Amino acid sequence: MLFIPMLGPINFLVWNIRGASKMDSLRYLKKMKFDFSAKILILLEPMSEEGQLDFVKRFVGCTSAA
């Protein structure tokens, strides 16, 4: 018999954010992550700098980013 574990729902957020380094946007994103218990957060930000990713990751409370 094959056992397939049942996984619960995985909440995720996808946001085509403009100005990911703006504090108002980051506060709102952090609140949404908490309110919806998001496990996966996908930010689409075409105009971002390389160093912003680490700052956003730490501010929002994510463990990894790419």
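My aim in this report is to walk through the structure given alongside it, one point at a time. (Residues numbered from 1 in each chain as written. Predicted model: local features only at pLDDT ≥ 70, side-chain atom pairs only at ≥ 80, totals over all residues. Heavy atoms only, no water.)

Re the overall build of the protein
To keep things clear, this is the line we draw: Counting from the N terminus, the helices are the DSSP runs of H or I reaching at least four residues and the strands are the DSSP runs of E reaching at least two. For every residue, the accessible area (1.4 Å probe, protein chains only) is compared with the maximum for its type, and the residue is labelled buried under 20%, exposed over 50%, or partly exposed between those bounds. Any two residues whose heavy atoms approach within 4.5 Å at even a single point are treated as in contact.
Helix and strand content of the protein: two helices and two strands. Ordering the α and β elements of the protein from the N terminus gives β-α-β-α. Here the protein holds 66 residues, and 21% of them are scored as buried. Long-range pairs, those at least 24 residues apart, make up 68% of the contacts in the protein between residues at least 6 apart in sequence.

Points about helix α2 (residues 52-60)
The following threshold applies: Note that the arc is computed from the directions linking the helix axis to the C-beta atoms.
Taken together, the buried positions of α2 are Q52, V56 and V60. Relative to the axis of α2, the buried residues are bounded by an arc of 50 degrees and lie together on one face. Those residues of α2 that are buried are in contact with α1 (23-35) and β2 (40-43). Just beyond α2, the residue with positive phi is G61, at close to 95 degrees.

Focus: the nonpolar core
When a protein is soluble and globular, its nonpolar side chains tend to lie buried together. Stated formally: Grouping buried Ala, Val, Leu, Ile, Met, Phe, Trp, Tyr and Cys residues that are joined through side-chain atoms within 4.5 Å yields what is termed a nonpolar core.
If you look at the biggest cluster of nonpolar residues, it comprises six residues: I17, A20, L26, L29, V56 and V60. Elements represented by at least two residues in this core include exactly α1 and α2. Residues within four places of L29 in sequence aside, it is in contact with W15, L41, L43 and V60.

Section: the packing of aromatic side chains
Inclusion rule: Working definition: a ring pair exists when centres of Phe, Tyr or Trp rings (six-membered ring for Trp) sit within 6.5 Å. Plane angles under 30 degrees give stacked, over 60 give edge-to-face, the rest tilted.
Tallied over the entire structure, the rule returns two aromatic pairs. Both rings, one in W15 and one in Y28, keep their centres 5.8 Å apart while their planes meet at 75 degrees; by these two values the pair is edge-to-face. One end of the pair, W15, is in strand β1 (residues 12-15); the other, Y28, is in helix α1, and 13 residues separate them in sequence. Overall, the relative accessible area of 26% leaves W15 in the partly exposed class. Under the relative-accessibility criterion, Y28 is labelled partly exposed at 48%.

Re the pairing of β1
A regular strand places its side chains on the two faces of the sheet in alternate fashion. Going by this rule: Any two strands with at least two DSSP bridges between them are considered paired. Look down the strands so they point away from you; if going from the first strand over the helix to the second traces a clockwise path, that crossover is right-handed.
With four bridges joining them, β1 and β2 adopt parallel strand pairing. Paired with W15 across the two strands is L43, which belongs to β2. In this fold, the crossover linking β1 to β2 by way of α1 has right-handed handedness.

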